[in-house]
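Examining the three-dimensional arrangement
Given next are the chains, with one letter for each unit.
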Amino acid sequence: MALFKTLRDLLKVPKKEFGLCMVVSEQEGAEIWVDNKPTPFVTPRMIAVPLNEDVKIEVRFTGHHSHMAIVRAPQKLSYYYCNLQRIPLRLIRNEIDNFASI
């Protein structure tokens, strides 16, 4: 009688290997999104990514343009660094919102 530890062993599904990717941005505390889904992590942070598969990593920070890259990790440890560009602020003259209250 054969015993199986997991259903994956029983079905003989190949195990997916993961590596670590260090995500760093010049602006600390930026949100990390993986494959268009938010994560609870902020930069700098090491995240798990499947080896030899394309993973979309996006870094977002308030007041800055988001930065996106496709990462393909061929080894157990990889590194992703970005510097988010600040969104320029513009002053608007002679326009007052009549509904604004002080």
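Scroll up a little and you will see the structure.
These lines cover the structure that appears in this document, whether it is placed above or below. Owing to the predicted nature of the structure, the values given are computational and were not obtained by experimental measurement.

Remarks on the pairing of strand β2 (residues 31-34)
- Examined bridge by bridge, β2 and strand β3 (residues 37-42) share three bridges and lie antiparallel to one another. Within β3, the residue paired with glutamate 31 across the bridge is valine 42.
- Here β2 folds back onto β3, and the loop between the two strands holds two residues, one of which, aspartate 35, carries a positive phi near 50 degrees.
- Note: β2 against strand β5 (residues 54-60), four bridges, orientation antiparallel. In the sheet register, glutamate 31 faces β5, and the bridge partner there is arginine 60.

Details of the sheet that holds strand β6 (residues 67-72)
- The sheet built from four strands is open, its strands ordered β3-β2-β5-β6 with antiparallel pairing. On the outer flanks of this sheet lie β3 and β6, each paired with one strand and no other. Between one strand and the next, the sheet's axes are offset by a mean angle of 30 degrees, whatever the strand orientation.

Looking at the pairing of strand β7 (residues 77-82)
- Alternating positions in β7 separate cleanly, Ser78, Tyr80 and Cys82 being buried on one face and Leu77, Tyr79 and Tyr81 remaining unburied on the opposite face.
- Both strand β1 (residues 18-25) and β7 contribute to a ladder of six bridges, which runs parallel. Looking across to β7, one finds that serine 25 is bridged to cysteine 82.

So, the nonpolar core
- Counting residues in each nonpolar core, the largest one holds 17 residues, and the members touching the most others are Cys21, Val23, Ile47, Ile57, Val59 and Tyr80.
- Of all the secondary structure elements, the ones that give two or more residues to this core are β1, β2, β4 (45-50), β5, β6 and β7.
- Considering every element that reaches this core, the biggest residue donor is β5, with three residues.
- Apart from residues lying up to four places away in sequence, valine 23 is in contact with Ile32, Thr43, Pro44, Arg45, Ile47, Ile57, Val59 and Tyr80.

A short note on the packing of aromatic side chains
- Taken as a whole, this structure holds zero aromatic pairs when the rule is applied.
- Seen from the ring of tryptophan 33, arginine 60 lies directly overhead, with NZ or CZ sitting 3.6 Å from the centre.

Things to note about unusual backbone geometry
- The step from threonine 43 to proline 44 runs through a cis peptide bond, and the omega angle for that step is -10 degrees.
- Along the chain, the position of proline 44 falls in the loop between β3 and β4.
- At asparagine 36, a residue that is not glycine, the phi angle is positive and equals roughly 65 degrees.
- Secondary-structure assignment places asparagine 36 in the loop between β2 and β3.
- A positive phi angle, near 55 degrees, is found at asparagine 52, a position not held by glycine.

Notes on the environment of valine 42
- Looking at the secondary structure, you find valine 42 in strand β3.
- The class for valine 42 is partly exposed, based on a relative accessible area of 40%.
- As a C-alpha pair, valine 42 and arginine 60 span 18 residues in sequence and 9.2 Å in three-dimensional space.
- If we skip the residues at most four places from it in the chain, valine 42 touches Gly29, Ala30, Glu31 and Ile32.

Scoring rules and cut-offs
Residues numbered from 1 in each chain as written. Predicted model: local features only at pLDDT ≥ 70, side-chain atom pairs only at ≥ 80, totals over all residues. Heavy atoms only, no water. Pairing = 2+ DSSP bridges. Helix = DSSP H or I, 4+ residues; strand = E, 2+ residues; numbered from the N terminus. Axes fitted to C-alpha atoms, helices over the stretch in contact; angles between N-to-C directions. Buried < 20%, exposed > 50% of the residue type's maximum accessible area, 1.4 Å probe, protein only. Core = buried A, V, L, I, M, F, W, Y, C linked by side-chain atoms within 4.5 Å. Contact = heavy atoms within 4.5 Å. Phe/Tyr/Trp six-rings, centres within 6.5 Å; stacked < 30°, edge-to-face > 60°. Lys NZ or Arg CZ within 6 Å of the ring centre and 35° of its normal.

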